[in-house]
Amino acid sequence: MEENNQERIALAEFPERIGVLRDNVSKVIVGQQETVDLVLTAVIAGGHVLIEGVPGVAKTLLARLVARLIDCDFSRIQFTPDLMPSDILGTTVFNMKTQEFDFHPGPVFSEIVLVDEINRAPAKTQAALFEVMEERQVTIDGETHRMGDIYTILATQNPVEQEGTYKLPEAQTDRFLMKITMGYPTLEEEVSILERHHANRSLVKLEDVKPVITRQQLAEFRGLQNEIFVEPSLLRYIADIVQQTRQSKVVFLGASPRAAVAMLNASKAYALLQGRDFVTPDDIQFVTPSILQHRLILTAEAEMEGHTPLKVARRLMDRVEVPK
């Protein structure tokens, strides 16, 4: 009993810090609470995030804001069709003074990296992120450069139907813990946005936003996931959902075991976000659609009938009996 109390005391600081995070986000972003919670969940879980939405819904603003609220190194990469892998990773340059080659790191060498419009660059530039996303390291000219413990990529993209985009390969999308679809605001939220702009009172500049969490606190919060209790029945619940994706007739390629692990880690992180030290079925249901939607490839017939991976993920999840 004593050990359990100690664990709960260790979690006591978490809801307060997260509350401050949410308050600061709401000063800049109107609404989008589910999206904000999903992004924070992914960051706490130590995963990369892909945010998709049409232009103008504040995808980039949200990613920059989250990075701003964490006291760590931040860099931004604007993907364009002419961007080369060396522009991202860095390059080796011969130093005339020392008669040696010096490595000049690219913008990918940071702690939180915003990759804006990731689907604007061609395949070879997208592939430059493969190693660093999976292994948190970059190998250049035979030398390996390792990233820090809190290394995270926040990427944005416009829908692939837009002109001038290059669809991400399945191997790369699978490296994102979540793909979050950022939709339009509600009527009330849009009125609030217009009121803010009209009054020009609550337009908080990113430069004025101060960090509220240190890199060490984020690392400690990530470590707390090991203390989160998960019932064996919930582990089977996750496995059953993943199995459904492999058995469905509308799915050509189902979710991999990596997706099951992602569901477990994200549900533990979301439980933390709620100030709990145990996972509930609701936690799993909240994170699962964003974890599965970019990992499911539908059959051609299903796509012609108007099915989307997000809708299919939710429908398959509903087929599985919820543990009591």
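Described below are features of the structure shown in this document. What you are looking at is a predicted structure, and each value in this text was computed from that prediction instead of being measured. (Residues numbered from 1 in each chain as written. Predicted model: local features only at pLDDT ≥ 70, side-chain atom pairs only at ≥ 80, totals over all residues. Heavy atoms only, no water.)

Structural notes on unusual backbone geometry
Residues other than glycine seldom take positive phi values, yet Glu117 does so here, at roughly 55°. The exposure class assigned to Glu117 is partly exposed, which follows from its relative accessible area of 22%. Within the chain, Arg136 stands out as a residue other than glycine whose phi angle is a positive 55°. Position of Arg136 among the secondary structure elements: in the loop between α7 (130-135) and β7 (137-140). (Buried < 20%, exposed > 50% of the residue type's maximum accessible area, 1.4 Å probe, protein only. Helix = DSSP H or I, 4+ residues; strand = E, 2+ residues; numbered from the N terminus.)

Focus: the sheet that holds strand β10 (residues 176-181)
Spatially, β3-β6-β9-β1-β10 is the arrangement adopted by the 5 strands of the open sheet, whose pairing is parallel. Both outer strands of the open sheet, β3 (74-78) and β10, are each paired with one neighbouring strand and no more. Across this sheet, the average inter-strand angle for adjacent strands is 15°, counted without regard to direction. Sheet topology places strand β1 (residues 48-52) next to strand β9 (residues 152-157); 4 bridges connect them, and they run parallel. The partner of Val49 across the bridge, within β9, is Leu154. Sitting on the sheet, helix α4 (residues 59-68) touches β1, β3, β6 (112-116) and β9, and the angle it makes with β6 is about 170°. (Pairing = 2+ DSSP bridges. Axes fitted to C-alpha atoms, helices over the stretch in contact; angles between N-to-C directions. Contact = heavy atoms within 4.5 Å.)

Comments concerning helix α11 (residues 232-247)
Across its 16 residues, α11 extends 23 Å between first and last C-alpha, which sits within 8% of the 22 Å expected from 1.5 Å per residue. Taken together, the buried residues of α11 touch β12 (251-253), α12 (257-273), α13 (281-292) and α15 (309-318). (Expected span 1.5 Å × (residues − 1).)

Focus: the nonpolar core
One finds Val39, Leu62, Met178, Ile241, Met263, Ile284 and Leu292 to be the most contacted residues of the largest nonpolar core, which totals 73 residues. With 10 residues, α12 is the single largest residue contributor to this core. Within the second largest apolar cluster, 23 residues are counted, among which are Ile118, Ala121, Ile153 and Ala155. (Core = buried A, V, L, I, M, F, W, Y, C linked by side-chain atoms within 4.5 Å.)

Some details on empty space enclosed by the protein
Summed over the entire model, instances satisfying the criterion amount to 1 cavity of 30 Å³ or more. Counted as a void, the largest cavity has a volume near 60 Å³. Taken together, Leu21, Leu40, Val43, Ile44, Ile70, Ile213, Leu218 and Phe221 make up the full set of residues lining the largest cavity. Elements supplying a minimum of two residues to the lining of the largest cavity: α3 (33-45) and α10 (215-223). (1 Å grid on protein atoms, 1.4 Å probe; cavity = no way out; pocket = protein on both sides within 12 Å on 5 of 7 lines; lining within 4 Å. Points joined across faces, edges and corners; volume = space filled by probe spheres on them.)

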